[in-house]
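Reading the structure
If you want the building blocks of each chain, they are given just below.
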Amino acid sequence: MCVVCCSLVWSAGGRVRKRFTADEKVLKACWARFSEEACPQFTLCCMLSDSVTLFSLTGETQFVPLGRRARGIWPVPDGLLIACDVEESDAGNSKKSSHETTSHLSAGASSSLCGSARARRTGPRATLYLLRHPLSDIEPLRKGGVPGTDSTQSPQFFDDPGEEVIFASENQPFLLTYQRALYTHRLYYLSQLTLGSRP
């Protein structure tokens, strides 16, 4: 896989399998597998300024609008982790999906939460999202199971632009972030995510 300015080229076995040219610079590309697919296969994910384009091995292409400036993408066990700016972009407002759902994270390995909550279109002011299926909406990640916090309180989302993702892996259910203002690292455990409604 080769990324040069506005172009992305994927070759295998001495043949070019996919060539993609965007109207803007390709910021990042990676391979990911989506756990909610019937037969999860590797999908090529291409990040632009405020969207992600997905290319499957079968030739299908999906466009995922983010509604805000993209900062990074990483493969995780449940799909694709997406970092975005908190503020919505003017371009993204016109392409924003009809709804967003909420997923959970656990800090450390001491506990694990599962489930998700349906959010209104305005959604939370989050910086980290998860895409679990090429045809799904992105889901803002919620911090859960943090020692010393009350689980009955309002959901705590990743909403600090200064907290940056420095490690995420498809093979390990962990997320490592760095907070610039506090000069600290924090390790989160990505719990198994399930869909469901909560009041």
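The structure contained in this document is the topic of the report that follows. In this text, all values refer to a predicted model and were calculated from it rather than measured experimentally.

Some points on the environment of C46
In this fold, C46 is placed in strand β5 (residues 42-47). Sequence separation of C46 and K28 is 18 residues, and the distance between their C-alpha atoms is 6.1 Å. Not counting residues up to four positions away in its chain, the partners in contact with C46 are L8, F20, V26, K28, A29, S51, V52, T53 and F55.

Here we look at the side chain of E139
Its place among the elements puts E139 in strand β13 (residues 139-144). Looking at E139, its side chain comes within polar contact range of the side chain of R132, at 2.9 Å.

Side note on the packing of aromatic side chains
Taken as a whole and assessed by the stated rule, the structure comprises four aromatic pairs. A centroid spacing of 4.9 Å and a plane angle of 75° characterise the contact between W10 and W31, whose relative ring orientation is edge-to-face. In this pair, W10 is assigned in strand β2 (residues 7-12) and W31 in strand β4 (residues 28-33), connecting sequence segments 21 residues apart. It is R33 that lies over the ring of F42; its NZ or CZ is 4.6 Å from the centre.

With respect to the pattern of salt bridges
Taken as a whole, this structure holds four salt bridges when the rule is applied. In this structure, the salt-bridge partner of D85 is R69, at a minimum N-O distance of 2.8 Å. A residue pair is termed long-range when its members are at least 10 positions apart, and D85 in strand β9 (residues 79-88) and R69 in strand β8 (residues 68-76) qualify at 16 residues. For D85, a relative accessible area of 22% translates into the label partly exposed. The salt bridge partner of R180 is E164, with a shortest N-O separation of 2.1 Å. You can see R180 sitting in the loop between β16 (174-179) and β17 (184-189) and its partner E164 sitting in strand β15 (residues 163-168), a full 16 residues away along the chain.

Here is what the cut-offs are and how they apply
- Residues numbered from 1 in each chain as written.
- Predicted model: local features only at pLDDT ≥ 70, side-chain atom pairs only at ≥ 80, totals over all residues.
- Heavy atoms only, no water.
- Helix = DSSP H or I, 4+ residues; strand = E, 2+ residues; numbered from the N terminus.
- Contact = heavy atoms within 4.5 Å.
- Polar contact = N/O pair within 3.5 Å; in protein donor to acceptor, adjacent residues only side chain to side chain.
- Phe/Tyr/Trp six-rings, centres within 6.5 Å; stacked < 30°, edge-to-face > 60°.
- Lys NZ or Arg CZ within 6 Å of the ring centre and 35° of its normal.
- Salt bridge = Lys/Arg side-chain N within 4 Å of Asp/Glu carboxyl O.
- Buried < 20%, exposed > 50% of the residue type's maximum accessible area, 1.4 Å probe, protein only.

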